[in-house]
Amino acid sequence: MTTPTKKSSTKESQFRFEGKNLQTEQVVRGEVTAKSEADARAKLVRRKIKVMQIEKVKQKRYKKISQADITVFTRQLATMMKAGLPLMQAFDIVAKGHPNPGMTNLLINIRNDVEQGTSMADAFAKHPKYFDRFYCNLVRAGEAGGVLESLLDKLAVYKEKTQSTKKKIKSALTYPVVVVIVAVALILVMMMFVLPSFGNVYKGMGVPLPGLTQILMNLSDFFVAYGVFIIILLVGGAFGFVHLYKRSPNLRKRLDIMLLKMPIFGPIVSKGTIARWSRTTATLFAAGVPLVEVLESVSGAAGNIRYEEATNDIRNKVNQGLSLTSGMKDCGLFPNMVVQMAAIGEESGSLDDMLNKAAEFYEEEVDTAVSQLSSLMEPLIMVVLGLIVGVILVGMYLPIFNMGNAVG
């Protein structure tokens, strides 16, 4: 009878080391992930590194690595390389100075890969969760052309601009959603805890209730009886919807199409997507990436499934020998101004400049639209909330006012 083998449950830890690279005779420092010190030493031996010092790194609480972290890293790396710092030293400075241990660990792993001879683009490509195809393509083009500092600077500008536009669109969409959630929570609290107290008082008085008050009391009784189930249903429905949205491409497509057709928010989302699409295309094209590969990267960075599918269609047409402009015109998602600017760019050989100008125009359009929307939405939402709370308060105190009039 064979005894089942137990899987090792030993967790991996980080070990900081200093050693000599036996191939280059240079002293190297870094971190390695291993189950034990002996395992760490064995890994370093396989990497042709003679260990001089090694110690276990104390575990720190890792925070989630955000795209804002990647943007800041890109800007810092571009600035240091422009200042003439060697690549490995720049990586060390950025990694050790970052407040997020998770980001530090990521950068050290990338640095070690580059130090062992892996190209920077390939080292980034090992972490697709943080560095997408667009990012890796630009870095690869910079390495091939010997203009890595310049392209990192363009990459940093691109990420800063697109993140700024994304934040503005998110703020425009998030504000009304948050207010609606607060309003629903307020109504639930009043229905489940405030109105029942008034109901008990009115029952003790034995007076007939006005129509509005009776409706509110009936609603209150319903929420007291089923309020917990309603809350569970709302929270569970929200989590279920988010989970389904992440898993279902068809649902995402329907919602993306619906979002583009919404009367107020649709134009803002559309302008933001066009700005991101134009800037991504311009940045990659300026780096010398072939147009077909550019469109392949752009489709993944579009941020909207409708535009992603349209970009794939444009790429197929360009691959067949048609112009970018004809593909953009046929899909019907790009305004005439953007199509005309792309046409001028193709004819004059300045496609990247024209698309960058289109991106700047639509980024300003998004800024203006979000500012106007915020100034309109705030008083409108306050009025709606005031009306809801006002109706509930009037309904609660109406019997008291009626009794006062009867006594008078």
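Data block above holds the structure.
Small disclaimer: the values here were computed from a predicted structure and weren't measured. (Residues numbered from 1 in each chain as written. Predicted model: local features only at pLDDT ≥ 70, side-chain atom pairs only at ≥ 80, totals over all residues. Heavy atoms only, no water.)

Peer 1: Can you walk me through the overall build of the protein chain in this structure?
Peer 2: Scanning the protein chain from N- to C-terminus turns up 15 helices and three strands. For 408 residues, the compact-globule estimate of 2.2 N^0.38 gives 22 Å, and the C-alpha radius of gyration of the protein chain, at 30 Å, exceeds that figure by more than 25%. Counting the 408 residues in the protein chain, one finds 40% classified as buried. Once local pairs closer than 6 in sequence are excluded, the contacts in the protein chain between residues at least 24 apart make up 62%. Counting every atom, the protein chain has about 23,100 Å² of accessible surface; 60% of that belongs to carbon and sulfur. Distance from the positive charge centre (49 side chains) to the negative charge centre (35 side chains) of the protein chain: 8 Å. (Helix = DSSP H or I, 4+ residues; strand = E, 2+ residues; numbered from the N terminus. Rg over C-alpha atoms; globule rule 2.2 N^0.38 Å. Buried < 20%, exposed > 50% of the residue type's maximum accessible area, 1.4 Å probe, protein only. Contact = heavy atoms within 4.5 Å. Areas by Shrake-Rupley, 256 points an atom, 1.4 Å probe, with all protein chains shown as cover. Lys, Arg positive; Asp, Glu negative; His and termini not counted. Charge placed at Lys NZ, Arg CZ, Asp CG, Glu CD.)

Peer 1: Is there a simple way to think about the side chain of Thr104 in this case?
Peer 2: Considering the arrangement of structural elements, one finds Thr104 in helix H4 (residues 101-115). Within the structure, the side chain of Thr104 is placed 2.9 Å from the backbone oxygen of Ala95, a separation counted as a polar contact. In this view, Thr104 contacts Ala95 and His98; residues no more than four positions away in its chain are not counted. (Polar contact = N/O pair within 3.5 Å; in protein donor to acceptor, adjacent residues only side chain to side chain.)

Peer 1: Whenever I open this one, unusual backbone geometry confuses me. Can you help?
Peer 2: With the exception of glycine, most residues fall at negative phi, and the peptide bonds are largely trans. Not every positive phi belongs to a glycine, and Glu25 is a case in point at roughly 60°. With respect to the helices, strands and loops of the structure, Glu25 is situated in the loop between strand E1 (13-21) and strand E2 (27-34). One non-glycine residue, Lys48, lies in the positive phi region at around 65°.

Peer 1: Help me out: how do you make sense of the pattern of salt bridges in this one?
Peer 2: A side chain of one charge can pair with a side chain of the opposite charge when the charged atoms of the two come close. As enumerated under the stated definition, the model contains 16 salt bridges in all. Between Glu18 and Arg29 there is a salt bridge; the shortest N-O distance is 3.6 Å. Pair noted here: Glu18 is in strand E1 and Arg29 is in strand E2, with a separation of eleven residues, a long-range link. By relative accessible area, Glu18 is classed as partly exposed at 23%. Owing to a relative accessible area of 48%, Arg29 belongs among the partly exposed residues under this scheme. (Salt bridge = Lys/Arg side-chain N within 4 Å of Asp/Glu carboxyl O.)

Peer 1: So what exactly am I meant to see when it comes to the sheet that holds E2 here?
Peer 2: Remark on secondary structure: sheet strands pair via backbone hydrogen bonds, oriented parallel or antiparallel. Spatial strand order, E2-E1-E3: three strands in an open sheet with antiparallel pairing. This sheet does not close on itself; its edge strands, each paired only once, are E2 and strand E3 (49-56). Direction aside, neighbouring strands of the sheet carry axes that sit 30° apart on average. Both E1 and E3 contribute to a ladder of seven bridges, which runs antiparallel. (Pairing = 2+ DSSP bridges. Axes fitted to C-alpha atoms, helices over the stretch in contact; angles between N-to-C directions.)

Shape is all these values report; function is a separate question.
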